[in-house]
Amino acid sequence: MSEIIGTYDMGHAGFAETLELHQDGSYTRTLHGHLGQDSKDFHGTWRLNGKHLFFEPVPEKQTVSSLVQAEAFFHRHKPAFVRTQDLKGDKAHEWWVYERRESGQ
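Residues numbered from 1 in each chain as written. Predicted model: local features only at pLDDT ≥ 70, side-chain atom pairs only at ≥ 80, totals over all residues. Heavy atoms only, no water.

Caption draft 1: The side chain of Arg83, seen in detail. Relative to the elements of secondary structure, Arg83 occurs in strand β7 (residues 78–83). Side chain to side chain, Arg83 and Asp86 meet in a polar contact 2.8 Å long. (Helix = DSSP H or I, 4+ residues; strand = E, 2+ residues; numbered from the N terminus. Polar contact = N/O pair within 3.5 Å; in protein donor to acceptor, adjacent residues only side chain to side chain.)

Right under this line is the structure:
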């Protein structure tokens with residue numbers, strides 16, 4: 001499980017978000033502002049079951065942050081994941097891959 005802990009980035013076409021998975025089972029999801037919009041943080045808990053990640057927003061009313069489920073794998077030799085809602089026939093466009101940031105970035 002320690003391999004999956006870290007900071008992940010995803011985005012394209014002006015949309016960007018960062019998801020930090022913390023050792024204590026919590027996460028911080030940041031939707032980065034674009035074209036003058038403010039960035040917005042969401043928090044919750046995560047757990048890993050096999051190759052599947054499950055995210056639960058806290059408090060529950062933060063439904064925008066509900067990732068629900070994702071599939072973990074290695075992408076370019078680094079831990080990564082993609083939301084199951086973005087999978088099409090077990091494949092996802094590279095835009096939707098959350099790729100772990102290298103330490104120090």
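Caption draft 2: Local environment of unusual backbone geometry. If you check the backbone angles, Arg76 has positive phi at about 55° while not being a glycine. Tracing the chain through its elements places Arg76 in the loop between β6 (68–75) and β7. With a phi close to 65°, His77 is a non-glycine residue in the positive phi region. For His77, the location among the structural elements is in the loop between β6 and β7.

Caption draft 3: How the structure looks around the pairing of β7. Within β7, six of the six residues are buried, which leaves it mostly tucked inside the rest of the structure. Every second residue of β7 is oriented toward a common face, with Lys78, Ala80 and Val82 on one face and Pro79, Phe81 and Arg83 on the other, all of them buried. Direction of pairing for β7 relative to strand β8 (residues 98–100): antiparallel, over a ladder of two bridges. Note that in β8 the partner of Phe81 across the bridge is Tyr98. (Buried < 20%, exposed > 50% of the residue type's maximum accessible area, 1.4 Å probe, protein only. Pairing = 2+ DSSP bridges.)

Caption draft 4: Fine view of the nonpolar core. In this structure, Ile4, Leu19, Leu21, Trp46, Leu53, Phe55 and Phe81 are the most contacted members of the largest nonpolar core, which totals 14 residues. Looking at this core, the elements with two or more residues in it are β1 (6–12), β2 (15–21), β5 (52–57) and β6. (Core = buried A, V, L, I, M, F, W, Y, C linked by side-chain atoms within 4.5 Å.)

Caption draft 5: Representation of the packing of aromatic side chains. In this structure the tally under the stated criterion is four aromatic pairs. Pairing Phe55 with Phe81 gives two aromatic rings, centres 5.8 Å apart and planes at 35°, and the pair type is tilted. Residue Phe55 is found in strand β5, and its partner Phe81 is found in strand β7; the two are separated by 26 residues along the sequence. Here Phe55 falls in the buried class, since its relative accessible area comes to 4%. (Phe/Tyr/Trp six-rings, centres within 6.5 Å; stacked < 30°, edge-to-face > 60°.)

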